[in-house]
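Residues per chain are reported as follows:
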Amino acid sequence: MKKTTRLGLAVSLASLALPFTVQALDFNGYVRSGIGESSASDSQACFQLPGAPSKFRLGNECEQYAELGLRQDLFTLSDGSVLSLEGMAALYNEYDHTPKFTGDHGWARMVQAYAEWSKVPALNGGSLWAGRRFYKRNDIHISDFYYWNQSATGAGIEDMEIGGLKYSYAFSRKDSVFQDEYVNRHDFNVGGFDTNPDGELQVGVSYIDDPDRDDSNSGWSVAVQHKQIGFLGGSNTFALQYGEGPGTGLGYTGDVTLGSSDKSWRVVEFFDWQVTPRFGGQFQAVYQKDKRQDGGDQDWISVGVRPVYALTEQFKLVAEVGHDQIDAPDGTRKLTKFTIAPTWSPAGPDFWARPEVRLYYTYAQWNDAAQRAANLMAAGSALSDTGAFGNAQHGSNFGVQVEYWWD
């Protein structure tokens, strides 16, 4: 018998003796890319109200962006549990710059790199994980607002079922690859409260340790969220959040120099609808109140909607209107933005069907207070008087964009 044959037979027999099976590699990701111009220059200028945590996205994104992930289920053990590795690279580059994904106009980061042991019988189907990962992220799609996001570099137990409820705990030291300093954070979550048919309540508490640096403090936050499936053919989400000190990040690690007198609370309401196969969309309303010892109080209101109507199985007419407003000591800042986007959707007429290829026109208008704030906080941005539109308090963009995600 040849040596290679003997080796192959030995490997085969060994694999049969082991209490697991090897699984296939999974490739997942997200890509958006495009090109655009503004009415005042050859470069697209995106509109975001200074101080607002998010902006309405449609026809208002000024970057090439991609997330490319690989997941390998290494083994399925004899008890049905699975050992896995997952990694993801993220690539970012501003419009009108060579896509090097480095330097002042771009970056490349390993945003996920973790190991997971899932479907563990001893945890009633829960999992153990360690590394850097996207973890329990809750966002509003039309504004890309991750209002409750516990992504972390750390370790934890996820979705251990006890008495019909799912319990999770995570210890982390960084929210993301962009957090400069390590801060210990503890996140505890309970989900699975059945409030009504197809309705579920989730509760989460975060505690942030005092990192013992100059003027640093501990902090905490709490979140309560209700999700209703089947609402207008889609789903509805309502969330309440409150935090003190560094907990004012409301799902992130906030400024550790803030104390217990610094508080934030937030109300989030958004829903998706698909009332007919051709008519869908998403609506959002967010209110956040920040109280600061140093007098930097502000109230943020964000209201917007993106209706989508499919004229044919592969052609959609998409629109989006959004309004952001911040009441701050320097005045009330206002920004209103409107976009119309004829869209080719080869995957079908559904609101969530991707890929989409969009032609878009966006118009935005803002007030004096918004421009003054932009001059101080974001010089050179679209709303500032040193930006593309100068002293004008309105402007428009047009261009083409493709968006695609896959599992």
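Up top is the structure.
Keep in mind that this is a model prediction, so the values were computed, not measured.

Mind showing me how you'd approach the state of the cysteines here?
What is meant by a disulfide is a covalent connection between two cysteines, made through their sulfur atoms. Throughout the structure, instances matching the rule amount to one disulfide. Between the sulfur atoms of Cys-46 and its disulfide partner Cys-62 the distance amounts to 2.0 Å. Because the torsion about its S-S bond is 105°, the bridge between Cys-46 and Cys-62 counts as right-handed. Placement of the pair is Cys-46 in the loop between strand 2 (25-38) and strand 3 (63-77) and Cys-62 in the loop between strand 2 and strand 3, with a sequence separation of 16 residues.

What am I meant to see in unusual backbone geometry here?
Leaving glycine out, the prevailing phi sign among residues is negative, and the prevailing peptide bond configuration is trans. With an omega dihedral of 15°, the bond running from Arg-354 to Pro-355 counts as a cis peptide bond. Mapped onto the fold, Pro-355 is located in the loop between strand 19 (331-344) and strand 20 (356-366). At Leu-232, a residue that is not glycine, the phi angle is positive and equals roughly 50°. The topology assignment puts Leu-232 in the loop between strand 13 (219-231) and strand 14 (234-244). With a relative accessible area of 42%, Leu-232 lands in the partly exposed category. For Leu-250, which is not glycine, the phi torsion reads 50° and is therefore positive. Relative to the assigned elements, Leu-250 resides in the loop between strand 14 and strand 15 (263-276).

Each value, and the rule that gives it
- For every chain, the first residue of its written sequence is number 1, and the numbers climb from 1 along that sequence.
- Only residues with pLDDT of at least 70 are given local features in this predicted model, and only at 80 or more are side-chain atom pairs given and counted; all residues enter the totals for whole chains, interfaces and linings.
- Each side-chain value is worked out from all heavy atoms of the structure, with water and hydrogens disregarded.
- Two cysteine sulfurs form what is called a disulfide whenever their separation falls within 2.5 Å.
- Numbering goes from the N terminus for both helices and strands, where a helix is a DSSP run of H or I of at least four residues and a strand is a run of E of at least two.
- Only protein chains enter the calculation, and the probe is 1.4 Å; a residue is then buried if its accessible area is under 20% of its type maximum, exposed if over 50%, and partly exposed in between.

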